[in-house]
Amino acid sequence: GAVVSQHPSWVICKSGTSVKIECRSLDFQATTMFWYRQFPKQSLMLMATSNEGSKATYEQGVEKDKFLINHASLTLSTLTVTSAHPEDSSFYICSAPLTGNTEAFFGQGTRLTVV
Amino acid sequence: AQSVTQLGSHVSVSEGALVLLRCNYSSSVPPYLFWYVQYPNQGLQLLLKYTTGATLVKGINGFEAEFKKSETSFHLTKPSAHMSDAAEYFCAVSGGYQKVTFGTGTKLQVIP
């Protein structure tokens with residue numbers, strides 16, 4: 001099956017710093033990738049849709065200037081949490097759909113802790 | 001527009017007992033339906049999915065789910081719970097564009 005790799009799997013950063021999370025489709029090309037966020041004891045919520053070669057589409061309530069998304073190639077999307085604060089601590093997970101497949105494949109997720 | 005409702009945020013069953021996790025959905029287009037499992041501090045693993053065709057879908061680890069259009073339901077079952085089934089389970093719906101809407105999750109506890 002298709003493999004999506006996310007890195008890092010966990011990160012701790014200081015308040016005010018920026019953190020970059022990478023999402024790679026290892027054995028297929030993905031013109032679209034999705035970024036989700038899961039707060040403790042809550043469900044996964046779609047944050048944004050990453051589009052290769054164009055601007056990301058953000059869901060309502062998600063600050064695009066805070067969560068910078070770059071989809072510079074057909075196999076890589078990055079999410080940068082800028083000026084992170086403790087309330088940004090969450091589990092971030094990406095997914096990438098495989099053309100012709102009804103399923104989007106998920107990365108293993110990144111647990112971000114801001115201290 | 002689409003949404004998912006999972007009834008019961010916590011479900012406890014005895015080892016060997018039937019597992020039933022409930023999921024109802026709404027979708028303005030024919031839905032694709034999924035069940036995912038998440039173990040602590042891990043990502044999502046697809047258990048099973050329904051797209052078209054047979055309404056009873058079998059997945060991994062002995063789980064199955066039945067798509068009932070008239071009831072807008074997609075309940076997950078397993079005849080006999082195992083300790084290793086303890087995890088959080090998410091029902092999800094997609095309108096076919098692979099942008100997935102998740103339910104709030106059901107945490108399954110298996111009692112020895």
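For the structure, check the block above.
These numbers were taken from a predicted model, which means no experiment stands behind them.

Looking at this model, I keep getting lost on the packing of aromatic side chains. Mind explaining?
Within a pair of aromatic rings, the relevant descriptors are the distance that separates the centres and the angle that separates the planes. Under the defined criterion, the tally for this structure stands at 12 aromatic pairs over all chains. Here A:Phe106 and B:Phe102 contribute two aromatic rings whose centre-to-centre distance is 5.8 Å and whose plane-to-plane angle is 65°, an arrangement assigned as edge-to-face. Taken together, the residues A:Phe106 in strand E10 (residues 104-106) and B:Phe102 in strand E10 (residues 100-102) connect one chain to another. Take A:Phe106 and B:Phe102: they sit in the same class, and that class is buried. Aromatic rings pair up to connect A:Tyr36, A:Phe106, B:Phe34, B:Tyr36, B:Phe90 and B:Phe102 into one cluster.

Would you mind going over a nonpolar patch on the surface with me for this structure?
A cluster of nonpolar side chains, A:Trp10, A:Ile12 and A:Val115, forms an exposed patch at the surface whose accessible area comes to about 370 Å². With respect to the secondary-structure elements, A:Trp10 resides in strand E2 (residues 10-13).

Help me understand the pattern of salt bridges in this model?
Opposite charge on two side chains allows them to pair when their charged atoms are near. One pass over the full model with this rule turns up four salt bridges over all chains. Across the pair A:Lys66 and A:Asp88 runs a salt bridge whose closest N-O atoms are separated by 2.9 Å. A residue pair is termed long-range when its members are at least 10 positions apart, and A:Lys66 in the loop between strand E6 (57-58) and strand E7 (67-73) and A:Asp88 in the loop between strand E8 (76-81) and strand E9 (90-97) qualify at 22 residues. There is no split in this pair, since A:Lys66 and A:Asp88 are both buried. Put simply, B:Asp85 and B:Lys78 hold a salt bridge, and the shortest N to O gap is 2.8 Å. Using a relative accessible area of 10% as the deciding quantity, one classes B:Lys78 as buried.

Parameters and conventions
Residues numbered from 1 in each chain as written. Chains lettered and ligands numbered in written order. Predicted model: local features only at pLDDT ≥ 70, side-chain atom pairs only at ≥ 80, totals over all residues. Heavy atoms only, no water. Phe/Tyr/Trp six-rings, centres within 6.5 Å; stacked < 30°, edge-to-face > 60°. Helix = DSSP H or I, 4+ residues; strand = E, 2+ residues; numbered from the N terminus. Buried < 20%, exposed > 50% of the residue type's maximum accessible area, 1.4 Å probe, protein only. Patch = residues over 30% accessible without salt bridge, like charges linked within 9 Å, V, L, I, M, F, W, Y side chains within 5 Å. Areas by Shrake-Rupley, 256 points an atom, 1.4 Å probe, with all protein chains shown as cover. Salt bridge = Lys/Arg side-chain N within 4 Å of Asp/Glu carboxyl O.

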